[in-house]
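# What the coordinates show
For reference, the chains in residue letters:
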Amino acid sequence: MALKFHQQIISDLLEDSNGGLVILSSGLSLAKLIASLLILHSPSQGTLLLLLSPASQSLKSRIIHYISSLDSPTPTEITADLPANQRYSLYSSGSPFFITPRILIVDLLTQRIPVSSLAGIFILNAHSLSETSTEAFIVRIVKTLNGSAYIRAFSDRPQSMVSGFAKTERTMRALYLRKLHLWPRFQLDVTQELEQEPPEVVDIRVSMSNYMVGIQKAILEVMDACLKEMRKTNKVDVDDLTVESGLFKSFDEIVRRQLDPIWHTLGKRTKQLVSDLKTLRKLLDYLVRYDAVSFLKFLDTLRVAESYRSVWLFAESSYKIFDFAKKRVYRLMKASDVKSKEHVKNTSGKKRKVKGNNACVEAVGGATTTTNVATGVVIEEVLEEAPKWKVLREILEEIQEERQKQSLSEEDNCDNNGIVLVACKDERSCMQLEDCITNNPHKVMREEWEMYLLSKIELRSVHTPQKKKQKTPKGFGILDGVVPVTTMQNSEGGSVCRQEHEALIAAASSIRKLGKTMDMASGNTNPEAQVDKASCTKGKAKKEVSSLRRSIRSCNKKKANSEPEILTGSENVEKASEASTSTPREANVVHPNSAKKLPPVHFYALESDQPILDILKPSVIIVYQPDMGFVREIEVYKAENPLKKLKVYFLFYDESTEVQKFEASIRRENGAFESLIRQKSSMIIPVDQDGLCMGSNSSTDYPASSTQNSVTRKAGGRKEVEKETQVIVDMREFMSSLPNVLHQKGMKIIPVTLEVGDYILSPSICVERKSIQDLFQSFTSGRLFHQVEMMSRYYRIPVLLIEFSQDKSFSFQSASDISDDVAPYNIISKLSLLVLHFPRLRILWSRSLHATAEIFTTLKSNQDEPDETRAIRVGVPSEEGIIENDIRAENYNSSAVEFLRRLPGVSDANYRSIMENCKSLSELASLPVEKLAELVGGHKAARTLREFLDAKYPTLL
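Just so you know, these numbers come straight off a predicted model, no measurement behind them. (Residues numbered from 1 in each chain as written. Predicted model: local features only at pLDDT ≥ 70, side-chain atom pairs only at ≥ 80, totals over all residues. Heavy atoms only, no water.)

Before going further, it helps to spend a moment on the overall build of the chain. From N to C terminus, the chain includes 38 helices and 26 strands. Burial status across the chain gives 48% buried among its 957 residues. Long-range contacts, defined as pairs at least 24 residues apart, comprise 73% of the intrachain contacts of the chain with a sequence gap of at least 6. (Helix = DSSP H or I, 4+ residues; strand = E, 2+ residues; numbered from the N terminus. Buried < 20%, exposed > 50% of the residue type's maximum accessible area, 1.4 Å probe, protein only. Contact = heavy atoms within 4.5 Å.)

The following block contains the structure:
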């Protein structure tokens, strides 16, 4: 059943033949709205094209799902693999098609599409558009050739539509649109419909552990300290620098947008602060998302990766983060303290001892301790479980009890399929929760702890071979559970960390020995698992650790008594739909503490972005990690199924950044819509005499250079008849916005596949365009050297265009970073060597796209227009293997010329004289010194060349 506000949006769009821009709140089923419009499309109206981008692939899959569920023909995608004549017939068929902007713009420029047969264009990602984007280029050409075609743009990210100055107005002008349709969640029609039959909501606030509270407080203190340091720079807007705004990814974009123009003038400390704020935001997210061991492992990675460079690690409260994270996993105690506690408690539990040379592991009752005999230090495992795990299991048990009561009273709804949907952020959380439901949560934490310890051995095996000479034998060391005894001097001062590390390694070695005995008991004779102590190399150690991990996992799986019926979010959608239509079975899960039945569970990862609610049609939803968009999807799902009973559980960590981030996301979206409403009331869109939008190029087009300096004495100021200038552009360059800007300047764009260069401005000028990121990558891979070599071979004026971004600094690096000497990793040094090797190469520096267009206009003045057929053949060998239009290959052997120029005594000043007087290298080698002196221009250079040619080479005989 279509929603009423969807019907209202469709009627508003159909009233305006020109189209419009629709901005919805996140989660209000944008895919269903577009699917409804596609179903209403008639082939008699013409062909309808839906522009795809990499970010809109999930939206495409949702649209196809909704259309196929209504038994309507789904639109297909036009790809570059289809031949041109077949694409032309599809364009003329009148059906809707998905197509990428790159394919469509090339077909428009090459006139392979009947523009008159187009009914309209759907743009699915209006929030990512600008005046220079390919979508705006497409709309400008289509509107020029077919003014009756409508343009309908959609977006469900209102926050992105208010970033920058008047972005919505500029987007509408670029798309030739006049009407803006705003549909926020607080709109009256939307509110009435979604709240008419609301689901039953249970808001559960879970208390965080004391250590989690301490870690969160410490992270917020460190983040606040970093923000204060940022404010001291006086280069960032202070209003944006708040802890609440720092919880979102958009904070990085806000800060970088302000600092990019002056990025090269900033110090290393300020640049590091920007990176540190991103790291701290990840820490806050991972604290409430992942388990204690995974969080500690991530902190260890940060300590190694960022160490001396990071600023936040040296903040006052940063040590609390590491200290509390360790205390959630293990405690470091003295062996004497543990023994005294055991005598006081008189615990009578089973003991498990695994003796190594200097380490032993004891399991008393449920607690496990690892003692390092050499240092007398004990690792006592804490393995704090996530508080939400226990609450989740209690909820599932409560759901099953309620269903049993309903089945006894025969009030069970026939529409209830029994599946409980648990929504998490990512696949890793889904897999871990599945293990917690299937197995004991303590077993899950134990497995993570063992994986953590085994990674310590793996890391140690990587560093051990780097030591030069060791007096101790190879069979003695950490891999055998033996820790060298430290002296009294080494054990003082900073020895606590060393003792802790040695105790962890000893615990890991003990676990490995335990894994070996388990393998031997089970009859495992795998040679990879039984590594000889005398020949324990790095590769074998890695294989052994991986085999131990597999044995730990298999052992934990065997210990599980039974498994529930669980569908993970990574499974195929078709399997999930089959599970929803079949009769569900009750899952029997035997828990060590309480053997209770659990209902069938489906774990769904929000990052997969699938229409899971319409596929499974669950009656109970547990939102394990809340997300604003998914909450709106639940509201829409209940509004479409008003008779279905739906119960929703929300799990929040009380007084956490999780709650703060969720509430702030709603406030941010409402604030964005309020800003859009104010902009709509004062928006100015220029129109022509017919009331049609004039577009963005009407006011931004620059007058031609010949009319700017027109002299009135020449024919009374009459305008000169301008000839049409054209530029040959490589197909791959349509990923950038430069062809769009060149077209705005009045140039004719000819898209072809070029083997040499990116832009051909004239028969003698070839341009290779490089953005900053592409320039660094091309130098690293060596691709730029080959490209410049090919341009120098076929064109008289090879040009390397280095194009900077308009909103970033017009500099590679600050002046203080430029060294006097040639450095192998310095970009300026690499460019200098490139110019020295190719003297005819010209380098152009462009500040922006529009500056590049001006440079191209200047270069094309007084030049002939390029030949399309010749540009296509350049660099392409014929059937006989001969490359046409090879300037040097017509008279010379190119390989021999390159070899000649590298000989001692031969320079750029004399190699042409040698080529004119010598037919081959063998003739050059037979010339006397006097003749060589005449050719190279001096006796010193001639003797150098002669000595090199006559030099003996060493042999092995």
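This model, assessed by the stated rule, comprises five cavities of 30 Å³ or more. As a volume, the largest cavity reaches approximately 90 Å³. Residue composition of the lining of the largest cavity, by class: nine nonpolar, three polar and three charged. A domain split of the lining of the largest cavity shows at least three residues from each of domain 2 (197-206 + 385-404 + 417-461 + 597-654) and domain 3 (210-334). (1 Å grid on protein atoms, 1.4 Å probe; cavity = no way out; pocket = protein on both sides within 12 Å on 5 of 7 lines; lining within 4 Å. Points joined across faces, edges and corners; volume = space filled by probe spheres on them. Nonpolar A, V, L, I, M, F, W, Y, C, P; charged D, E, K, R; others polar. Domains from an automatic or database assignment.)

For the rest of this paragraph, the subject is the packing of helix α10 (residues 210-231) against helix α12 (residues 268-289). The relative placement of two packed helices comes down to the angle between their axes together with the axis-to-axis distance. For the pair α10 and α12, interaxial distance at closest approach is 10 Å and the crossing angle is 160°. In terms of orientation, α10 and α12 fall into the roughly antiparallel class. The way α10 lies across α12 gives a crossing that is left-handed. Across from Met212, Ile215, Gln216, Ile219, Leu220, Val222, Met223, Cys226, Leu227, Glu229 and Met230 in α10, the residues of α12 making contact are Arg269, Thr270, Leu273, Val274, Leu277, Leu280, Arg281, Leu283, Leu284 and Leu287. (Axes fitted to C-alpha atoms, helices over the stretch in contact; angles between N-to-C directions. Parallel < 35°, antiparallel > 145°, perpendicular 65-115°, else oblique. Left-handed = near helix turned anticlockwise from the far one by under 90°.)

Read across the open sheet, the six strands follow the order β22-β21-β23-β24-β25-β26; overall the sheet is mixed. The sheet is open, and its two edges are formed by β22 (748-752) and β26 (842-846), each paired on a single side. Docked against the sheet, helix α29 (residues 772-781) engages β24 (765-771) and β25 (797-803), running at close to 100° with respect to β24. (Pairing = 2+ DSSP bridges.)

Take the sheet that holds strand β1 (residues 19-24) next. Taking strand neighbours across the sheet as the criterion, the seven strands line up as β3-β4-β2-β5-β6-β1-β7 in an open arrangement whose pairing is parallel. Looking at the sheet topology across the chains shown, the edges are occupied by β3 (76-78) and β7 (180-183). Direction aside, the axes of adjacent strands within the sheet are offset by 25° on average. One ladder, built from five bridges, connects strand β2 (residues 47-51) with strand β5 (residues 118-123); its direction is parallel. Residue pairing for β5: Leu48 is matched across the bridge by Gly120. Against the sheet, helix α5 (residues 101-109) makes contact with β2, β3 and β4 (96-99), and its axis sits at roughly 105° relative to β4, the strand it touches most.

Our next topic: the nonpolar core. Taken as a class, soluble globular proteins show a tendency for nonpolar side chains to be buried jointly. Counting residues in hydrophobic clusters, the biggest one holds 74 residues, and the most contacted among them are Trp312, Val422, Trp449 and Ile622. The residue makeup of this core includes at least three contributed by each of domain 2 (197-206 + 385-404 + 417-461 + 597-654) and domain 3 (210-334). Excluding residues within four positions of it along the chain, Val422 makes contact with Leu392, Leu433, Val601, His602, Phe603, Tyr604, Ile622 and Tyr624. Leu51, Ile99, Leu108 and Leu844 belong to the second-largest nonpolar core, a separate cluster that totals 60 residues. (Core = buried A, V, L, I, M, F, W, Y, C linked by side-chain atoms within 4.5 Å.)

Looking now at the packing of helix α37 (residues 929-936) against helix α38 (residues 939-950). Where α37 meets α38, the axes come as close as 8 Å, and the angle between the chain directions of the two elements is 120°. On the basis of the axis angle, α37 is oblique to α38. The two elements α37 and α38 meet at a crossing, and its hand is right-handed. The residues of α38 that touch α37, namely those facing Val929, Leu932, Ala933 and Val936, are His939, Ala941, Ala942, Arg943, Leu945 and Arg946.

So, on to helix α25 (residues 657-681). Taking 1.5 Å as the rise per residue, α25 with 25 residues should run 36 Å; its terminal C-alpha atoms sit 36 Å apart, in good agreement. For α25, every residue scored as buried is listed here: Thr657, Glu658, Val659, Phe662, Ala664, Ser665, Glu669, Ala672, Phe673, Ser675 and Leu676. (Expected span 1.5 Å × (residues − 1).)

To continue, consider the environment of Met790. Within the secondary structure layout, Met790 lies in helix α30 (residues 783-794). Classification of Met790 as buried rests on a relative accessible area of 17%. As for Met790 and Gly757, which are separated by 33 residues in sequence, their C-alpha atoms are 8.3 Å apart.

With that settled, consider the packing of aromatic side chains. The tally for this structure, following the rule as stated, stands at 16 aromatic pairs. Relative to Phe322, the ring of Trp312 lies with its centre 6.1 Å away and its plane at 10°, an arrangement referred to as stacked. With Trp312 in the loop between α13 (292-306) and α14 (318-327) and Phe322 in helix α14, the pair connects residues that are ten residues apart, well separated along the chain. Taken individually, Trp312 and Phe322 each receive the classification buried, so the pair is uniform in this respect. Geometrically, the ring pair formed by Trp449 and Tyr452 is stacked, given 5.9 Å between the ring centres and 25° between the ring planes. With Trp449 and Tyr452 both in helix α18 (residues 441-463) and three residues apart, the pair spans about one turn of that helix. Of the two residues examined, Trp449 and Tyr452, each falls in the buried class. Ring-pair connections join several aromatic residues into one group, and the members of that group are Phe122, Tyr150 and Phe154. (Phe/Tyr/Trp six-rings, centres within 6.5 Å; stacked < 30°, edge-to-face > 60°.)

Before going further, it helps to examine the environment of Arg632. Relative to the helices and strands, Arg632 is located in helix α24 (residues 628-640). Spatially, the C-alpha atom of Arg632 lies 8.7 Å from that of Arg185, the residues being 447 residues apart in sequence. Engagement of the side chain of Arg632 in a polar contact is seen with the backbone oxygen of Ser26, the distance being 3.2 Å. (Polar contact = N/O pair within 3.5 Å; in protein donor to acceptor, adjacent residues only side chain to side chain.)

The subject of this paragraph is the side chain of Asn740. Tracing the backbone shows Asn740 in helix α28 (residues 738-744). For Asn740, the side chain forms a polar contact with the main-chain oxygen of Ser133, separated by 3.1 Å. Among residues more than four places away in sequence, those in contact with Asn740 are Glu131, Thr132, Ser133, Ala136, Phe137 and Arg140.

With a phi angle near 60°, Tyr176 is a residue other than glycine that sits in the positive phi range. Locating Tyr176 in the fold gives a position in the loop between α8 (167-174) and β7. Non-glycine residue Glu655 carries a positive phi angle of around 55°. Here Glu655 lies in the loop between β20 (647-653) and α25.

Right, let's get into the pattern of salt bridges. What the rule picks out here adds up to 36 salt bridges. Between Glu195 and Arg185 there is a salt bridge whose closest N-O contact spans 3.5 Å. Taken as a pair, Glu195 in the loop between α9 (188-194) and β8 (200-206) and Arg185 in the loop between β7 and α9 lie far apart in primary sequence, ten residues in all. Salt bridges sharing partners connect three or more residues here, namely Glu768, Lys770, Asp774 and Arg783. (Salt bridge = Lys/Arg side-chain N within 4 Å of Asp/Glu carboxyl O.)

Within the chain, residue pLDDT values average 76, and 70% of them lie at 70 or more. Of all secondary-structure elements in the chain, the lowest mean pLDDT belongs to strand β16 (residues 587-590), at 38, while strand β19 (residues 620-623) reaches the highest, 93. Within the model, pLDDT remains below 50 along residues 463-494, and this stretch shows 40 contacts once partners closer than five positions in the same chain are excluded. Contacts for the low-pLDDT stretch residues 568-594, under 50 throughout, to residues beyond four places or in other chains number 54 contacts. (pLDDT = per-residue confidence, 0-100.)

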